Amino acid sequence: MSMINAALVESFDEPPHFRSIPAPEAGPGQEMVDVLAVGVHPATRGIAAGKHYTSPEVLPALAGADAVVRRADGRLGYVMVMGAGTLAERIVIDPAAVIPVPDGADPATLAATMNPALSSWGALRTRVPFQAGQSVLVHGATGNAGSMAVKVAKHLGAGRVIAAGRNRTRLDELVDQGADAVVQLVPDEAATAAALAEVAAEVDVVLDYVWGAPTELAMRAVLGARTQHTRLLDWVQIGGMGGDAITLSGHALRSNAFRILGSGFGSVDMQVMQREFTELVAAIAAGGMAVRPHPFPLDQVETAWAHQDAPGERTVILL
Ligand SMILES: NC(=O)c1ccc[n+]([C@@H]2O[C@H](COP(=O)([O-])OP(=O)(O)OC[C@H]3O[C@@H](n4cnc5c(N)ncnc54)[C@H](OP(=O)(O)O)[C@@H]3O)[C@@H](O)[C@H]2O)c1
């Protein structure tokens, strides 16, 4: 039996382990690909910890949620297989789900950047009727996905992008990267609410990576300060760094043209995602939108899992 190297989740309480496993075999309609690079994203960690809605029900299971792969004909591709695993030298995929990657693109950079960048790209292109010229608030802009959201919103034609986050240094960097205004989220709730009300009252779309209590505060501040309550506000839940739940008053909903929706794996048709993300891959490969990869070899997967990314970088496992 031919064997390959892989990273296996054997317990939700431990990092994935480097193991030798039987090579997979492609069934009818499937394709075997070589895995080149896998990003270790918050969702990747959450899946391996049993805390994500796509976490495996049976262990051991392959770790990894997405991958840059080389196909049999030599072309590069990007795949998302949430829950099925990608951290092995070879995996079997559905060829229809491969997002083409231009020749010459750096697999490590793409593996680091795609997951953070697609969160806002997918939201603005598929979940809300976003139009060029509209204004966007990124709530939780100092992480990789939030920082990418500032660039993506600008790239897609946003007229005004407001970055809200805790880290002052990162907020200042975001001004250099295109943010039109910033709001620092500080422990003083009244100060945070006043700053959001002053700067973000008239936004059209909120891309929210925080949720939980900070989002309750931000919603109250923005809705309370709106001068035109009939102007549509789409609030898109994308990440949950501040909690998984909010309490929302019915009054806030019915006294504003206010919609709350989510964007993520499961909320968008796979074919639509493939079309949209082909354009995103091309935009990343063209430069200007990148998360810095922090590479580890596959046999150091446990060290990789323990590594805490610095702002602007993402752990990537190279195979
Ligand atoms: N739905 C999707 O399609 C999709 C795709 C990608 C990511 N996501 C989600 O988006 C979230 C962020 O992902 P990421 O890749 O950006 O992770 P990341 O690079 O690790 O950044 C997370 C950032 O969140 C900030 N944060 C944590 N708690 C916060 C709070 N209470 N208030 C404000 N900011 C807070 C921290 O920034 P500071 O320390 O600087 O404050 C941290 O750097 C995760 O929940 C992830 O699962 C969703």
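The structure we're discussing is the one just above.
What you see is a predicted model; the values in this text were computed from it and never measured. The numbering scheme is per chain: residues are counted from 1 as the chain's sequence reads. A pLDDT threshold of at least 70 governs which residues receive local features in this predicted model, and a stricter bar of 80 or more applies before side-chain atom pairs are shown or counted, although totals over entire chains, interfaces and linings include all residues. Just so you know, side-chain values use all the structure's heavy atoms and leave hydrogens and water out.

Visitor: Any chance you could explain the nonpolar core here in plain terms?
Guide: The nonpolar side chains of a soluble globular protein tend to be buried, and buried together. Only buried Ala, Val, Leu, Ile, Met, Phe, Trp, Tyr and Cys residues count toward a nonpolar core, and they belong to the same one when joined by side-chain atoms within 4.5 Å. The classification of residues rests on relative accessible area computed with a 1.4 Å probe and restricted to protein chains. Under 20% of the type maximum is buried, over 50% is exposed, and intermediate values are partly exposed. Counting residues in hydrophobic clusters, the biggest one holds 53 residues, and the most contacted among them are M114, L207 and F277. Secondary structure elements follow DSSP: runs of H or I of four or more residues count as helices, runs of E of two or more count as strands, with numbering from the N terminus. Here this core takes ten residues from helix α2 (residues 107-127), the largest share from any one element. Each of domain 1 (3-101 + 289-318) and domain 2 (117-262) accounts for three or more of the residues forming this core. Any two residues having at least one pair of non-hydrogen atoms within 4.5 Å are treated as being in contact. Once you skip the residues sitting within four places of it in the chain, L207 turns out to touch S120, A123, L124, V136, L137, V138, H139, A149, V236 and I238. Ranked by size, the runner-up nonpolar core spans 27 residues in total, among them A7, V40, A67 and F296. Boundaries of every domain are those given by an automatic assignment or by a domain database.

Visitor: Which parts of the structure should I look at to understand the site of the ligand?
Guide: In the vicinity of the ligand lie 19 residues, with T142, A145, R166, S263 and R314 positioned nearest. Note that an oxygen atom of the ligand is positioned 2.8 Å from one of the side-chain N or O atoms of T142. Separating a nitrogen atom of the ligand from a backbone N or O atom of I238 is a distance of 3.1 Å. Every accessible area reported is derived by Shrake-Rupley at a probe size of 1.4 Å, with residue values counting cover from the shown protein chains alone. Taken by itself the ligand offers 910 Å² of open surface, and the protein chains cover 77% of this. Of all the secondary-structure elements, those providing two or more residues to the shell around the ligand are α2 and α3 (144-155). Three categories are distinguished: nonpolar for Ala, Val, Leu, Ile, Met, Phe, Trp, Tyr, Cys and Pro, charged for Asp, Glu, Lys and Arg, and polar for the others, with Gly belonging to the last. Along the lines of polarity and charge, the residues of the shell around the ligand split into six nonpolar, eleven polar and two charged. Near is defined per residue: the residue qualifies when any heavy atom it owns lies within 4 Å of the molecule or strand. Polar contacts, as used here, are pairs of N or O atoms within 3.5 Å; protein pairs need one atom able to donate a hydrogen and one able to accept it. Residues neighboring in sequence count only if both atoms are side-chain atoms.

Visitor: How should the environment of V92 be read in this particular structure?
Guide: Tracing the backbone through its elements, the reader meets V92 in strand β7 (residues 90-93). The sequence separation of V92 and V291 amounts to 199 residues, and the corresponding C-alpha distance is 27 Å. With near-sequence residues (within four places) excluded, V92 lies in contact with P24, E25, A26, Q30, E31 and M32.

Visitor: So what exactly am I meant to see when it comes to the packing of α2 against α3 here?
Guide: In a packed pair of helices, the relevant descriptors are the angle between the two axes and the axis-to-axis distance. What counts as an axis is a line fitted to C-alpha atoms, over the stretch in contact for a helix, and the angles between N-to-C directions run from 0 to 180 degrees. The contact between α2 and α3 brings their axes to 8 Å, and the two run at 50°. Between α2 and α3, the interaxial angle falls into the category oblique. The hand of the α2/α3 crossing is right-handed. In this structure, α2 uses T113, P116, A117, S119, S120, W121 and L124 to contact α3, whose residues at the interface are N144, A145, M148, A149, V152, A153 and H155. Across the contact of α2 with α3, the residue classes tally to nine nonpolar, five polar and no charged. By definition in this entry, angles of less than 35 degrees are roughly parallel, angles greater than 145 are roughly antiparallel, angles of 65 to 115 are roughly perpendicular, and the rest are oblique. Should the near helix be turned anticlockwise from the far one by less than a right angle, the crossing is left-handed, and should it be turned clockwise, the crossing is right-handed.

Visitor: Explain the side chain of T44 to me, please; I cannot follow it from the model alone.
Guide: Along the polypeptide, T44 turns up in helix α1 (residues 42-48). Side-chain polar atoms of T44 contact the backbone oxygen of G39, separated by 3.4 Å. Aside from chain neighbours lying at most four places away, what touches T44 is G39, G64, A65 and W305.

Visitor: It is not clear to me how the sheet that holds strand β12 (residues 205-208) should be interpreted in this structure. Could you clarify?
Guide: In a beta sheet, neighbouring strands pair by backbone hydrogen bonds and run either parallel or antiparallel. Spatially, six strands are ordered β11-β10-β9-β12-β13-β14 in an open sheet, and the strand pairing comes out parallel. Every interior strand has two partners, whereas the edge strands, β11 (181-184) and β14 (258-262), have only one. Adjacent strand axes in the sheet meet at a mean angle of 15°, parallel and antiparallel pairs treated alike. On the sheet, α2 packs against β12, β13 (233-237) and β14 and is oriented at approximately 145° with respect to β12. Note on pairing: DSSP must find at least two bridges between two strands before they are called paired.

Visitor: I'm lost on unusual backbone geometry in this one. Help?
Guide: Working note: non-glycine residues mostly have negative phi, and peptide bonds are mostly trans. In this chain, L59 is followed by P60 through a cis amide linkage whose omega measures 5°. Relative to the assigned elements, P60 resides in the loop between α1 and β4 (61-62). A positive phi is found at W211, a non-glycine position, where the angle reads about 60°. Within the secondary structure, W211 sits in the loop between β12 and α6 (212-225).

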